[in-house]
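Structural features, examined
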Amino acid sequence: KRTFLWLEQLILKHRAHADTTNIGECRDGLDFFFDCRSHAEKFLSFVSSVVPVRTKHSSQLLAEDTHTGKGRHKFTFAAEVLPICKDDAVWLPRATAEAAGNINQFVLCSRVLNTLHVIDPRTLQQCELQPITYWKSPFKAALSRAQLVEFVVLDVEMEDAPWRSADNHLHSQGTRKRSAVQNAARREAMSLADITVARRGDFGINDRTTRAISHLGNVLKPGDYVWGYCVAASSLASELSDELAQRLPEVLLVKKSFSERRRRPRRRTWKLHTLDKEAEPGVLRGRHMDTSGYDAEYEEFLQELEEEPAMRGQINMFRDEEGIAAAQHQQPQMGGATAADLDWVAKDVDEGEDEEDEMPDVGLEELLNELTMGGDESEDEHQPEAHFESSEQGESRSTAPGSLLAAGSAPVQPFTLPGGNDATFYF
C-alpha cells in the first residue's frame, strides 16, 4: 500500500492522469479508464518508468459491422507492482544473489524506484535488481514493517568497512578507477558500526543486550531509539536449513526511531492532494475493500516523507493554512509573523539538544501554495470605484481614496474651446 501512496503522488505531480475519464478504487489497486488506447499506453509507460511493474494486456470485441469489417474493441492493460516495500527484509534466491555480485542472501530493501535497491547492512554492499530479474525468481518479504521492534542504543563502536581497506590499497598502487571513487563517495552516507542495543520493552526489566553490525553508524548514538527486526525470533529461521539459519543475525537494525517525540500533540503545517476517485456505492459494490488499516498506513507514509528529504523533492507538498494558523495561535507573542518566522513549526527542537537531534519535519520553504480559482475577481469586486465631480468653473476632482492624483500635486487645467465651453453647435 505504501508503494501505491507514493505512486499516487507521482501521478499527481506529473499530471499523468490528465486524460482519464474516471478513476475507481478496487481491493488491491486502482482502475483508470481512458477513451483512447494511446492515452492508456502513455499512462502505462509512465507507471513503468517510476515503479517496478509487470504488465499484461488483452482486447475484447464489443461490436462489429459485418458489411465493412470494422469493429469496436475494449483494451485492458494490467500492471502488477512488485510486492516489496522500503525497509522490508528479504531472503534472495541463490541464483539472484549470485547474479547481483554475490551479495548476501539476507538483505534489506533501501529504496523502491523503477528498480529494487537492496543493501547488506553487515558489509554495506549494494545492488539494484531489475524487475525482469525479480519476476524470473519471485520472492516475498521475509520481514515487513509490521514486525518492527523498537530498541534502545547503548553503545556504538565504529568499524572500517571491507571496501574501504580495498580502496585504500588500490589508491596506494595508483590503480583505483573513477567508478571506485564514485562508489566510495556514495557509501560515505552510511558507516559500518558495532551497535549494542536492548529491547525498549525489556529495558529496565532485565539486563539482556544484543550486539549487531549495522549500517547506521553515522546516524545513531547512545541513548537513541532505533527500529529493527528480531530475526532470531522470526519464522524465517525455521524455514531455512540449519546451515543457512546460522548465518542470520540475531537483530537487524533498520532506521532511527522518533516515536518518543511523535507522542507530543503537533499538527502538520502541510498536506498532500489525492486523486479524485469514484465514490458512488453502485460502482464500488462487490469489491470488498478493507480500509481498516488505511489510516495507519497513510500516517506511516507521512512520517516517511518527514524523515526522507530526497522523497519530498520528487512530489508536490502544499501548505495547510489551517495548520499554520493553529500553530501560530499556540505560540505566544507571535504577532505579525511571516513564513520565515514560522520555522519553529517545522523544527520542533527541545531545549538543550543539538541540531542532530532535531525532529524531522518539512520546512515551509518546501511547500507550495494552493491555487485559488477566482482570486483576482474577488479583489476587483472589492476595489473602490472612483467618483468624479465637476464644478461650475469646469474643473474636475476625484473623490476616490486611492485616486491617481497625489495629494499636493498641481491641478490639471481643463481644455477650453475657442468659442467657450458654453458654445452651441448645430449639424
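Read on for a plain summary of the structure. Throughout, a residue's number is its position along its own chain's written sequence, starting from 1. Predicted model: local features are reported for residues with pLDDT of at least 70 only, side-chain atom pairs are reported and counted for 80 or more only, and whole-chain, interface and lining totals are derived from all residues. Excluding hydrogens and water, the side-chain values take into account all heavy atoms of the structure.

1. Quick notes on the sheet that holds strand β11 (residues 193–199)
- With antiparallel pairing, the 5 strands of this open sheet are ordered in space as β12-β11-β10-β13-β14. In this open sheet, the two edge strands, each paired with only one partner strand, are β12 (210–214) and β14 (251–257). Going from strand to strand, the sheet's axes swing by 45 degrees on average, the running direction of each strand aside.
- Two strands form a pair only when DSSP identifies at least two bridges running between them. Secondary structure follows DSSP: runs of H or I at least 4 residues long count as helices, runs of E at least 2 residues long count as strands, and numbering of each begins at the N terminus. Direction of pairing for strand β10 (residues 149–158) relative to β11: antiparallel, over a ladder of 7 bridges. Here an angle of 0 to 180 degrees is reported between the N-to-C directions of two axes, which are lines fitted to C-alpha atoms, with helices fitted over the stretch in contact.

2. A look at the packing of aromatic side chains
- Stacked, tilted and edge-to-face are the three classes applied to pairs of Phe, Tyr and Trp rings, where Trp contributes its six-membered ring and a pair requires centres within 6.5 Å; stacked means planes under 30 degrees apart, edge-to-face means over 60, and tilted covers the rest. If you walk through the whole model with that rule in mind, you get 4 aromatic pairs.
- Seen in terms of ring centroids, phenylalanine 34 and phenylalanine 43 are 5.6 Å apart; in terms of plane orientation they differ by 45 degrees. Their pairing is tilted.
- By relative accessible area, which is 9% here, phenylalanine 43 ends up buried.
- Where tyrosine 134 meets tryptophan 135, the ring centres are 4.9 Å apart and the plane angle is 80 degrees; that geometry is what we call edge-to-face.
- Burial classes follow relative accessibility: with a 1.4 Å probe on protein chains only, a residue under 20% of its type's maximum area counts as buried, one over 50% as exposed, and anything between as partly exposed. Under the relative-accessibility criterion, tryptophan 135 is labelled buried at 16%.
- Geometrically, a lysine NZ or arginine CZ counts as sitting over a ring once it is within 6 Å of the ring centre and also within 35 degrees of the ring normal. Positioned above the aromatic ring of phenylalanine 75, the side-chain terminus of arginine 37 is 4.3 Å from the ring centre.
- In this arrangement the basic side chain of arginine 54 is found over the ring face of tryptophan 135, its NZ or CZ atom lying 3.9 Å from the centre.

3. Remarks on the nonpolar core
- Among the buried residues, those of types Ala, Val, Leu, Ile, Met, Phe, Trp, Tyr and Cys that are joined through side-chain atoms within 4.5 Å form a nonpolar core. Counting 30 residues, the largest nonpolar core has Trp270, Leu272 and Leu305 as the members making the most contacts within it.
- Put simply, the parts of the chain that give this core at least two residues each are α1 (2–14), α2 (37–50) and α11 (294–307).
- Top contributing element to this core by residue count: α1, with 6 residues.
- Contact definition: two residues touch when any of their heavy atoms are within 4.5 Å. The residues contacting leucine 272, other than those within four sequence positions of it, are Gln9, Tyr298, Phe301, Leu302, Leu305, Ile315, Asn316 and Met317.

4. A closer look at the pairing of β11
- Summarising burial for β11: 6 of the 7 residues are buried, a large majority.
- As paired strands, β11 and β12 are joined by 5 bridges and run antiparallel to one another. The residue of β12 that forms the bridge with valine 197 is threonine 210.

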